[in-house]
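Report on the structure
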Amino acid sequence: MIEHIVLVKFSQETTTEQKQELIRRTLRLKNIIPGIVDIQQGINFSNRSQGYEVGLTVRFKDRDSLENYGPHPAHQEIVSYLKNIGLEDSIIVDFEI
């Protein structure tokens, strides 16, 4: 299995409602993109995040599923929405479990 972790930093103009909409949209991917075993996303509440406000974990059944996730149209819609609401930076880590 593969664990995919994403941390997201937004502009100061990005609203809480936009972040919550991002989460709603992202969690739907489990029912749309093949190979997703589990998906979790939420707004950070700690002061240790260095400005990264939303965390995402996606567990995939294998590396092929991860590779198919990136270009999938439903995932690309999320990427576009992120850019539209003020994505400033992201950190992505993938590892086998």
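Read on for a plain summary of the structure. (Residues numbered from 1 in each chain as written. Predicted model: local features only at pLDDT ≥ 70, side-chain atom pairs only at ≥ 80, totals over all residues. Heavy atoms only, no water.)

**Quick look at a nonpolar patch on the surface**
Keep this limit in mind: The patches reported here contain residues having more than 30% relative accessible area and no salt bridge. Joining distances are 9 Å for like charges and 5 Å for nonpolar side chains (Val, Leu, Ile, Met, Phe, Trp, Tyr). Per-residue and other accessible areas were derived by the Shrake-Rupley procedure at a 1.4 Å probe size, with only the shown protein chains allowed to occlude residues. When a carboxyl oxygen of Asp or Glu is within 4 Å of a side-chain nitrogen of Lys or Arg, the pair counts as a salt bridge. Per the convention used, a helix needs a DSSP run of H or I reaching at least four residues, while a strand needs a run of E reaching at least two, with both numbered from the N terminus.
A grouping of Met-1, Leu-7, Val-37, Ile-91, Val-93, Phe-95 and Ile-97 is seen on the molecular surface, where their side chains present a nonpolar patch of about 560 Å² in accessible area. In terms of residue count, the dominant contributor to the nonpolar patch is strand β4 (residues 87-96) (three residues). Note that Val-93 resides in strand β4.

**What to know about the sheet that holds strand β1 (residues 2-10)**
We apply this condition: One requirement defines pairing of two strands: DSSP has to find at least two bridges between them. Here, axes are lines fitted to C-alpha atoms. For helices the fit covers the stretch in contact, and angles between N-to-C directions go from 0 to 180 degrees. Note on contacts: a residue pair is in contact if any heavy atoms of the two residues lie within 4.5 Å.
Strands sit in the order β2-β3-β1-β4 across an open sheet of four strands; the sheet is antiparallel. Each end of this open sheet is capped by a strand with a single partner; those strands are β2 (36-43) and β4. Neighbour-to-neighbour, the strand axes of this sheet turn through a mean angle of 10°, independent of strand direction. As judged from the nine bridges shared by β1 and β4, these two strands associate in the antiparallel manner. Each bridged residue has a counterpart across the sheet, and for Val-8 the counterpart in β4 is Ser-90. Together, β1, β2 and β3 (54-60) form the strand contacts of helix α1 (residues 16-27), whose direction differs from that of β2 by roughly 175°.

**Considering the nonpolar core**
This is how it is decided: The definition of a nonpolar core used throughout is a set of buried Ala, Val, Leu, Ile, Met, Phe, Trp, Tyr and Cys residues joined through side-chain atoms within 4.5 Å. Buried residues are those whose accessible area, probed at 1.4 Å on protein chains only, stays under 20% of the maximum for their type, while exposed residues exceed 50% and partly exposed ones sit between those limits.
Counting residues in each nonpolar core, the largest one holds 20 residues, and the members touching the most others are Phe-10, Leu-22, Leu-29, Ile-36, Val-58, Phe-60 and Tyr-69. Those elements giving two or more residues to this core turn out to be β1, β2, β3, α2 (63-69) and α3 (73-85). Top contributing element to this core by residue count: α3, with five residues. Once residues within four sequence positions are removed from consideration, Leu-22 is found in contact with Phe-10, Gln-41, Val-54, Ile-78, Tyr-81 and Leu-82.

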